[in-house]
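Each chain is listed here by its residues.
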Amino acid sequence: MLRVTKHIAQRDATKRVTYLCHKIVVSSNSNYSTLNHRFGGGSYHRQQQHGSNGQGSGGQHFRSDFLAPHGPKAWTIPPNRGYGMVVVRILRGALKLRYLLLGGAIGGGMTLNKKYEDWKDGLPDLKWLEEALPQGEKWSQFSKTLMEIGGAVKDVIEIDPRLKQLGEDKVNEWRQWFDNRLDDAIEAADYQGVAIVESKDDIKSKTTVAALSLSQDESRKKYDNLQSQVETLQTEIMNVQIKYQKELEKMEKENRELRQQFLILKQNKKTSTKKIKKSLIDMYSEVLDELSGYDTSYSMADHLPRVVVVGDQSSGKTSVLESIAKARIFPRGSGEMMTRAPVKVTLAEGPYHVAQFRDSDREYDLTKESDLSELRREVEFRMRASVRGGKTVSNEVISMTVKGPGLQRMVLVDLPGIISTMTVDMASDTKDSIHQMTKHYMSNPNAIILCIQDGSVDAERSNVTDLVMQCDPLGRRTIFVLTKVDLAEELADPDRIRKILSGKLFPMKALGYYAVVTGRGRKDDSIDAIRQYEEDFFKNSKLFQRRGVIMPHQVTSRNLSLAVSDRFWKMVRETIEQQADAFKATRFNLETEWKNNFPRLRESGRDELFDKAKGEILDEVVTLSQISAKKWEEALNDSLWDKLSNYVFENIYLPAAQSGSQNSFNTMVDIKLRQWAEQALPAKSVEAGWETLQKEFIALMEKAKKSPDHDNIFDNLKAAVVDESIRRHTWEDKAIDMLRVIQLNTLEDRFVHDKSEWDQAVKFLETSVKAKLAQTEETLNEMFGPGQFTRLTHWKSLTEDQNKRRHVKTELDKILRNDDKHIPTLSYDELTTVRKNLQRENIEVDTDYIRQTWFPVYRRHFLKQALHRASDCRKAYYLYSQQGAECDINCNDVVLFWRIQQVIRVTANALRQQVINREARRLDKEIKEVLDEFSEDEEKKSHLLTGKRVTLAEELIKVRQIQEKLEEFINSLNQEK
């Protein structure tokens, strides 16, 4: 795009120059046509002067003066070419040649323009017209010289090839025209020289001064006009070139910006294939971030240099840091504590003024107030989020990077301000926590301490200076900064401020003393406005009235940032090798310990172990689809009957069987089965299906534990993932409606179709009744106590209640023996009889006590009768198939259990299809979501993946990463040197 634009600009300039040259040539041709006519047909006056010898051609001198006519002594030239014609044609040819060359120079560029200037300087001076014309020999010599010049010009002057765009024919036409004009001028000069030598008297007789129409003044005026037009043309062309040059520069700048943006986008898209080269300060900042994540409990000595910003609360720490970063990036409050956690700010130079958090991809444009506001809100949110457990301050580091033009490369850590008094809304340990945190950062022997002192308060009230003196008594790494100097100058004695900045007031020693102004107390002031106010203040400050006390380099934030950056990099170069050696030794010790404890295992951190466990869990989910359909249906049948059996016996079978007649039994069964299918049965079936899916999945996980490749380090994680996934998973809602329709349609069938189904129903009935009878027997054993044999062999005895129950049971058995088909409840007379019989034996019981004993006793009696009926019905299918419901043998309970068995079979088949087609995939999705959440929760991973093997591997991997980053940084640092 830039090349095309430049070509269009050159083409427009060439067209404009061609048009102007053509206009001037046309004007000059018209003027000189008149001059040619007058010289060819008119006359001119010529005054002759003689030398001292009076005669002789050797003593003749001719002087040509263009004068006004002087009366009758004028004389006339012959009709052929005259001397004036020669002069005019030479002048016209020279001027035309100049315009041609000027047009070629502009169209062709600066190279041809230079040749044109050189050739113009080589032309003969036109002032020879004002002097005497040369005599014959000199004129011949001049003619010869002119011919040589013409030949040289034709050989030297070459038209720029780029003029070919105007047309090859036009260029040839101009070249032919130039050659013709030059030849005519030379021929005229030769002819005029011969005519002058032949006869001086003939010339006198043929010329007349009165016929000369062009005077010397008019000729000079015309020449000056032409010269001014040429100069005007040159000026206009230069202006056009300057204009186009500015446009080209503008477009080149835009092109560079677009290309830079394109490269940024391209790099963002191809970060996986091409590694972006990081700056030196970014590499160093990453090392500090790794150390921060590795050593949150301050258990390991981190002696890498960084700039620690300390000071009393509201002393201007944050404002100084913002002035160095050239942006107001921190939240502000009215006297309250705003800095609640360490903020690590990495400053780096870049083309755009942006900020970015370490754990975020978003860039904040610091030139936009909206982005600045969002950045400040995010910093405040992170600070408050880092404070937990009722604390006021936190040790958790908030890491951010600020890049911009002119920023000094360094790493600064802004700490909470030192406080002397706590407020009621602060935690009780706030003051001690801030002191401990500040001492920890300052105790680093390679840390640069940026001690901030509020200049508007009395120096004796400072708390931070004592802490700084404790950590750096010799002041070898402390830089003292006095803030709010503009307020201090108004409130305090300037001599006192000078003493502070010269290091004579405080006993604390420092590398340097600086004074800065951090603003005028206005929250809306920009950094540029603050810096301008600072510079204006120090220019007019009283501090500089006494020379030699305070040096100019001790003031302004700019000088401070330069000094801090210089000291920071000096400290880095002096200490980085020692830190790398320390981590190298730590790595060696950890690797030796790992080989001694886990010689056959590779050191795998929590992230790698988690990924491995994730793969194993997902593999087990896939294994669910490999379970056979028969196994699924068997498991679902068992689960469904376990879930439904109690309801079938208590709410359907027993009430209907104890109704007393076959008709009432069937009617009650139909009603209760329909109600059950419309309400509770579908939901209970879904519960049974989900429990079966859960049971099978857990069984697969347990089976995987028995594998020889099983690693028990994953057990806690797998169990937590499975429990959380099962807790979240729910069966599809539409499955209940689908099951309801299937179950209702199945229950409508009331006739057993073949002998095999009849036998299966009988077996199902017997199995179910026996299971229920076994439960009833257990209830009776608990109620009546162990039998006589068990009491004798196990040395057990009956309790008083059990003895009483046994007496009640004896009376109830008499009732059942007398009436084998007794109804499920006791009548009032029966209750009275039992109670009176027990009173004769001195046993007092109430009616409720008798009923409680009656319930399991009667149930056992009824279930035994049901088993007897089932045994009688086993061979009654032929009668049933012939007589149906009117069969002589009462087999209604067999038909009931056949209908229930059919419902369970159909429901199990539907649930199996749902599990395989839908629910297994939905469970897989739930497990993946849980795993993704766990992978982002470092605290949960640390809780679930524990043990010496994990902690040792984590420490080794971390140390290895830090050492590698340190070595990479050292290599880049050495290359920069």
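What counts and what doesn't
- Residues numbered from 1 in each chain as written.
- Predicted model: local features only at pLDDT ≥ 70, side-chain atom pairs only at ≥ 80, totals over all residues.
- Heavy atoms only, no water.
- UniProt positions renumbered as here; feature names shortened; annotations may be inferred.
- Helix = DSSP H or I, 4+ residues; strand = E, 2+ residues; numbered from the N terminus.
- Buried < 20%, exposed > 50% of the residue type's maximum accessible area, 1.4 Å probe, protein only.
- Contact = heavy atoms within 4.5 Å.
- Polar contact = N/O pair within 3.5 Å; in protein donor to acceptor, adjacent residues only side chain to side chain.
- Pairing = 2+ DSSP bridges.
- 1 Å grid on protein atoms, 1.4 Å probe; cavity = no way out; pocket = protein on both sides within 12 Å on 5 of 7 lines; lining within 4 Å.
- Points joined across faces, edges and corners; volume = space filled by probe spheres on them.
- Nonpolar A, V, L, I, M, F, W, Y, C, P; charged D, E, K, R; others polar.
- Core = buried A, V, L, I, M, F, W, Y, C linked by side-chain atoms within 4.5 Å.
- Salt bridge = Lys/Arg side-chain N within 4 Å of Asp/Glu carboxyl O.
- Axes fitted to C-alpha atoms, helices over the stretch in contact; angles between N-to-C directions.
- Expected span 1.5 Å × (residues − 1).
- Parallel < 35°, antiparallel > 145°, perpendicular 65-115°, else oblique.
- Left-handed = near helix turned anticlockwise from the far one by under 90°.
- Arc of directions from axis to C-beta.
- Phe/Tyr/Trp six-rings, centres within 6.5 Å; stacked < 30°, edge-to-face > 60°.
- Lys NZ or Arg CZ within 6 Å of the ring centre and 35° of its normal.
- pLDDT = per-residue confidence, 0-100.

Looking up the chain in an unreviewed UniProt entry gives the name Dynamin-like GTPase OPA1, mitochondrial, with the organism given as Stomoxys calcitrans. Checking UniProt for the chain, the heading Catalytic activity (unreviewed entry) contains the comment "GTP + H2O = GDP + phosphate + H(+)".

Undergrad: Any details on the overall build of the chain? Residues and values, ideally.
TA: Secondary structure summary: the chain contains 31 helices and 11 strands in total. Within the chain, the proportion of its 977 residues that are buried is 44%. Here the contacts in the chain between residues at least 6 apart in sequence split such that 81% fall between residues at least 24 apart.

Undergrad: Outline unusual backbone geometry, listing residues and values.
TA: Phi at Lys484 takes a positive value of approximately 55 degrees, unusual for a residue other than glycine. On the secondary structure map, Lys484 appears in the loop between strand E10 (478–483) and helix H13 (485–491). In the Ramachandran plot, Asn842 falls in the positive-phi region, its phi being about 60 degrees despite a non-glycine side chain. By secondary structure assignment, the location of Asn842 is in the loop between helix H26 (828–840) and helix H27 (847–873).

Undergrad: Tell me about the side chain of Arg306, and name the residues and values.
TA: Mapped onto the secondary structure, Arg306 falls in the loop between helix H8 (280–294) and strand E3 (307–311). What makes Arg306 buried here is its relative accessible area of 8%. Reaching out from Arg306, the side chain makes a polar contact with the backbone oxygen of Leu304 at a distance of 2.8 Å. Dropping the residues within four chain positions of it, Arg306 is found in contact with Tyr284, Leu288, Val411, Val413, Asn444, Asn446, Ala447, Ile448 and Phe568.

Undergrad: Account for the pairing of strand E5 (residues 354–357), naming residues and giving values.
TA: In this sheet, strand E6 (residues 364–365) lies alongside E5 in antiparallel orientation, the contact comprising 2 bridges. Opposite Ala355, over in E6, you have Tyr364 as the bridge partner. Counted between consecutive antiparallel strands, the loop separating E5 from E6 contains 6 residues.

Undergrad: Talk me through empty space enclosed by the protein; I want residue IDs and the actual numbers.
TA: Scanning the model with the defined rule gives 1 cavity of 30 Å³ or more in all. Taken as a whole, the largest cavity spans an internal volume of roughly 50 Å³. In terms of lining residues, the largest cavity is bounded by Ser319, Glu322, Ser323, Arg328, Arg332, Thr518, Ile527 and Ile530. Mapped onto the lining of the largest cavity, the elements with two or more residues apiece are helix H9 (317–325) and helix H15 (527–539). Looking at the lining of the largest cavity residue by residue, the class counts come to 2 nonpolar, 3 polar and 3 charged.

Undergrad: Pulling in residues and values, what's your account of the nonpolar core?
TA: In this structure, Tyr653, Trp758, Leu896 and Ile927 are the most contacted members of the largest nonpolar core, which totals 99 residues. If one sorts the elements of this core by residue count, helix H29 (residues 892–936) sits on top with 17 residues. Leave out the neighbours within four places in its chain, and Ile927 touches Ile617, Leu618, Val621, Phe697, Val721 and Ser725. Within the second largest apolar cluster, 66 residues are counted, among which are Met283, Met410, Ile962 and Phe969.

Undergrad: Provide a residue-level description of the pattern of salt bridges, including the pertinent values.
TA: Summed over the entire model, instances satisfying the criterion amount to 44 salt bridges. Across the pair Lys928 and Asp924 runs a salt bridge, and its minimum N-O distance is 3.4 Å. Taken together, the positions of Lys928 and Asp924, both in helix H29 and 4 residues apart, correspond to about one turn of that helix. Owing to a relative accessible area of 37%, Lys928 belongs among the partly exposed residues under this scheme. Here the residues in one salt-bridge network are Arg587, Glu591, Glu603 and Arg960, joined through shared partners.

Undergrad: Which residues make up the pairing of strand E9 (residues 448–454), and what are the values?
TA: E9 sits mainly inside the fold: 7 of its 7 residues count as buried. What you see with E9 is no split at all: Ile448, Leu450, Ile452 and Asp454 on one side and Ile449, Cys451 and Gln453 on the other are buried throughout. Sheet topology places E3 next to E9; 5 bridges connect them, and they run parallel. Across the sheet, residue Val308 finds its bridge partner in E9, namely Ile449. Where E9 lies against E10, 6 bridges are found, and the strand directions are parallel. Residue Gln453 lies in a different strand from E10, and its bridge partner there is Leu482.

Undergrad: Account for the sheet that holds strand E4 (residues 343–349), naming residues and giving values.
TA: Across the sheet, which stays open at both edges, the 9 strands sit in the order E6-E5-E7-E4-E8-E3-E9-E10-E11 with mixed pairing between neighbours. Either end of the sheet is taken by a strand with one partner, and the two such strands are E6 and strand E11 (512–515). The strands touched by helix H11 (residues 430–442) within the sheet are E3, strand E8 (410–414) and E9, with E3 carrying the most contacts at an inclination of about 145 degrees. Running over the sheet, helix H16 (residues 557–597) touches E3, E8, E9, E10 and E11 and is turned about 155 degrees from E9.

Undergrad: Go over H26 with me, naming the residues and quoting the values.
TA: In this model, H26 (13 residues) spans 19 Å end to end at C-alpha, consistent with the 18 Å of a helix rising 1.5 Å per residue. Turning to H26, its buried residues are Glu830, Leu831, Thr832, Val834 and Leu838. Summarising the contacts, the buried residues of H26 are in contact with helix H25 (800–818) and H27.

Undergrad: Residue-level account of the packing of H25 against H26, with values.
TA: Viewed as axis vectors pointing N to C, H25 and H26 meet at an angle of 135 degrees, and their least axial separation amounts to 10 Å. One element, H25, and the other, H26, form an angle in the oblique class. Like other packed secondary-structure pairs, H25 and H26 cross with a definite hand, here right-handed. Between H25 and H26, the contacting residues are His807, Val808, Glu811, Leu812 and Ile815 on the first element and Glu830, Val834, Asn837 and Leu838 on the second. Class assignment for the residues of the contact of H25 with H26 results in 5 nonpolar, 2 polar and 2 charged.

Undergrad: An account of H15 is needed here, citing residue identities and associated values.
TA: Given a rise of 1.5 Å per residue, 13 residues ought to cover 18 Å, and the 18 Å separating the end C-alpha atoms of H15 matches this to within 8%. Looking at H15, one finds that the buried residues are Ile527, Ile530, Arg531, Glu534, Phe537 and Phe538. For H15, the buried positions fall inside an angular range of 125 degrees around the axis, keeping them on one side. Opposite the buried face of H15, at more than 90 degrees from it, the exposed residues are Asp528 and Lys539.

Undergrad: Now, about the packing of aromatic side chains: what can you tell me, with residues and values included?
TA: For the coordinates displayed, the defined rule picks out 21 aromatic pairs. Ring geometry for Trp758 versus Tyr880: centroids 4.7 Å apart, planes at 35 degrees, classification tilted. Pair noted here: Trp758 is in helix H23 (residues 755–784) and Tyr880 is in helix H28 (residues 877–883), with a separation of 122 residues, a long-range link. Both residues of the pair, Trp758 and Tyr880, count as buried. The rings of Trp641, Phe649, Tyr653, Phe764, Phe862 and Phe897 are connected pair by pair, giving a single aromatic cluster. Note that Arg382 overlies the ring of Phe357, its terminal NZ or CZ placed 4.1 Å from the centroid. When the ring centre of Tyr849 is taken as reference, the NZ or CZ atom of Lys804 above it lies at 5.8 Å.

Undergrad: Talk me through the environment of Arg384; I want residue IDs and the actual numbers.
TA: Along the chain, Arg384 turns up in helix H10 (residues 369–386). For the pair formed by Arg384 and Ser394, sequence separation is 10 residues and the distance between their alpha carbons is 9.0 Å.

Undergrad: Hey, could you go over the environment of Ala704 for me, with residue numbers and the actual values?
TA: Mapped onto the elements, Ala704 comes out in helix H20 (residues 680–705). Through-space distance from the C-alpha of Ala704 to that of Ile617 is 9.9 Å; in sequence the pair is 87 residues apart. Ignoring any residue separated from it by four or fewer positions in sequence, one finds Ala704 in contact with Glu620 and His710.

Undergrad: Any chance you could break down the confidence of the model for the chain for me, citing the residues and the numbers?
TA: Mean pLDDT over the chain: 76, with 68% of residues reaching 70 or higher. Of the regions scoring below 50 in pLDDT, residues 189–214 engages in 70 contacts with residues more than four places distant in sequence or in other chains.

Undergrad: For the packing of helix H17 (residues 606–624) against helix H31 (residues 948–976), give the residues involved together with the corresponding values.
TA: Relative to each other, H17 and H31 sit at 130 degrees, their axes nearing to 9 Å. Judged on the interaxial angle alone, H31 and H17 are oblique. Residue-level contacts link Arg606, Asp607 and Leu609 of H17 to Arg949, Val950, Thr951 and Glu954 of H31. Tallied by class, residues from the contact of H17 with H31 come to 2 nonpolar, 1 polar and 4 charged.

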